[in-house]
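# Summary of structural features
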Amino acid sequence: MARVELRNIVKRYGLTIAVDHVSFKVDDGEFFVLLGPSGCGKTTTLRIIAGLEDPDEGEVLIDDVVVNDIPPHKRDIAMVFQNYALYPHMTVYKNLAYPLENMGLSKQEIDRRVREVAKMLYIDHLLDRKPGQLSGGEQQRVALGRALVRRPKVFLMDEPLSNLDAKLRVYMRAELKRLQKELGITTIYVTHDQAEAMTMADKIAVMNKGKIMQIGNPKELYLKPANTFVAGFIGSPPMNFFDASLIVKNNQFILDAGDFILSIPREMGELITSNTSISEVIIGIRPEHFDIVDKPDENTIKAEVYVVEPLGAETIIDVKIGNRIFKVATKGIVEYPIGQTIYIKPMIKYLHIFDKKTGNAII
Ligand SMILES: Nc1ncnc2c1ncn2[C@@H]1O[C@H](COP(=O)(O)OP(=O)(O)OP(=O)(O)O)[C@@H](O)[C@H]1O
Ligand SMILES: [Mg+2]
């Protein structure tokens, strides 16, 4: 049982603010993901929770107790590092058993736990080897196993799947998620991969430049991104953005993007005008929220096929509108010659509208 809370954590390295007033709460048993681009402060945040770095400001709480002054080994936390370090002179078996040997467990219990974890991570055939005789992905799985055998109060994992090949990574993320739920151990997991975050997390904190941009479950982040950063970071291919002016003509609300216009429902227009005094906005529309239609109609956009990327289950069509490229995703395999004119129609109910000045979501 463990809850983890960060209150206004700040960490500076010289002039760099690696972590900038970060606060969040992780519930008992929750799978919490810190997601953000390289250098945004994810590892530093995790190391502060583990007690490996001291914050300049703020508090870390475990089960409502401030642990700032409690040393790492007394926090009952297991961390899988981005640059995992295995004991090179020990076999895989010994690497896995080692954390258990100081816990006063019987030899049989240690053996049972080591074999169970090794089987789950597909390293049971490697138990007699030394780390130097393993591939990068295998070493990473051993590092993961070493944290898992201990069954600590809290798991901290820093990009533990980054060295695995694509297929194994997809397999392992499902396995890890299932295992985490089975063991019920509170987990804070760091990644820069939005698909990994979306598929694994109960809750995600999106970070940028040391700051939390938004906290929510995967569905909330996808459907209601709080700003253009989150909107552009969550989803693949990423959301299309374009600048537009809101104008009211003949009692009709219109978004004028220069190369095309969209008329929007009155309620949507009124929501924009009530939220911002300026009429300059950024429209966001995800690739999967376009229909491709046969002929022009209200709110269709004339576009030219730039390139077609068939993925099997879906096809990504890059289209040119004016001098901008938009991505449109459509189910199944669709073929178009380059240069063909097509008509695309954004699903108006899925439009995202942001204040151009702040980047914050209005709708
Ligand atoms: N020991 C250090 N000394 C100086 N600067 C540091 C130190 N550790 C981290 N930083 C800086 O703090 C910022 C956050 O680094 P951090 O390692 O937390 O990022 P990250 O989100 O984990 O990135 P990545 O995805 O690349 O691992 C970066 O600008 C980094 O250069
Ligand atoms: Mg890192």
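Residues numbered from 1 in each chain as written. Chains lettered and ligands numbered in written order. Predicted model: local features only at pLDDT ≥ 70, side-chain atom pairs only at ≥ 80, totals over all residues. Heavy atoms only, no water.

Moving on: unusual backbone geometry. Cis geometry is adopted by the peptide bond preceding Pro 237, which originates at Ser 236 and carries an omega value of -10 degrees. Positionally, Pro 237 belongs in the loop between helix H8 (228-233) and strand S11 (240-249). The phi torsion at Asn 251 lies on the positive side, around 65 degrees, for a residue other than glycine. (Helix = DSSP H or I, 4+ residues; strand = E, 2+ residues; numbered from the N terminus.)

In space, the six strands of this open sheet follow the order S6-S7-S8-S3-S9-S10, with mixed pairing throughout. This sheet does not close on itself; its edge strands, each paired only once, are strand S6 (77-80) and strand S10 (211-216). Within the sheet, the average angular offset between the axes of one strand and its neighbour, ignoring direction, is 15 degrees. Bridge count between strand S9 (residues 203-208) and S10: five bridges; the pairing is antiparallel. Considered in S10, the bridge of Ile 204 is made with Gly 216. Where helix H5 (residues 166-183) meets the sheet, its contacts fall on strand S3 (31-35), strand S7 (154-158) and strand S8 (186-191), and the angle it forms with S3 comes to roughly 135 degrees. (Pairing = 2+ DSSP bridges. Axes fitted to C-alpha atoms, helices over the stretch in contact; angles between N-to-C directions. Contact = heavy atoms within 4.5 Å.)

In this section: the layout of surface pockets. Within this model, the largest pocket holds a volume of roughly 540 Å³. When residues of the lining of the largest pocket are traced back to their parent elements, those giving at least two are S6, helix H2 (92-101) and helix H4 (136-148). Looking at the lining of the largest pocket, the element that brings in the most residues is S6, giving four residues. Residue classes in the lining of the largest pocket are distributed as 15 nonpolar, two polar and three charged. Space inside the second largest pocket adds up to approximately 150 Å³. (1 Å grid on protein atoms, 1.4 Å probe; cavity = no way out; pocket = protein on both sides within 12 Å on 5 of 7 lines; lining within 4 Å. Points joined across faces, edges and corners; volume = space filled by probe spheres on them. Nonpolar A, V, L, I, M, F, W, Y, C, P; charged D, E, K, R; others polar.)

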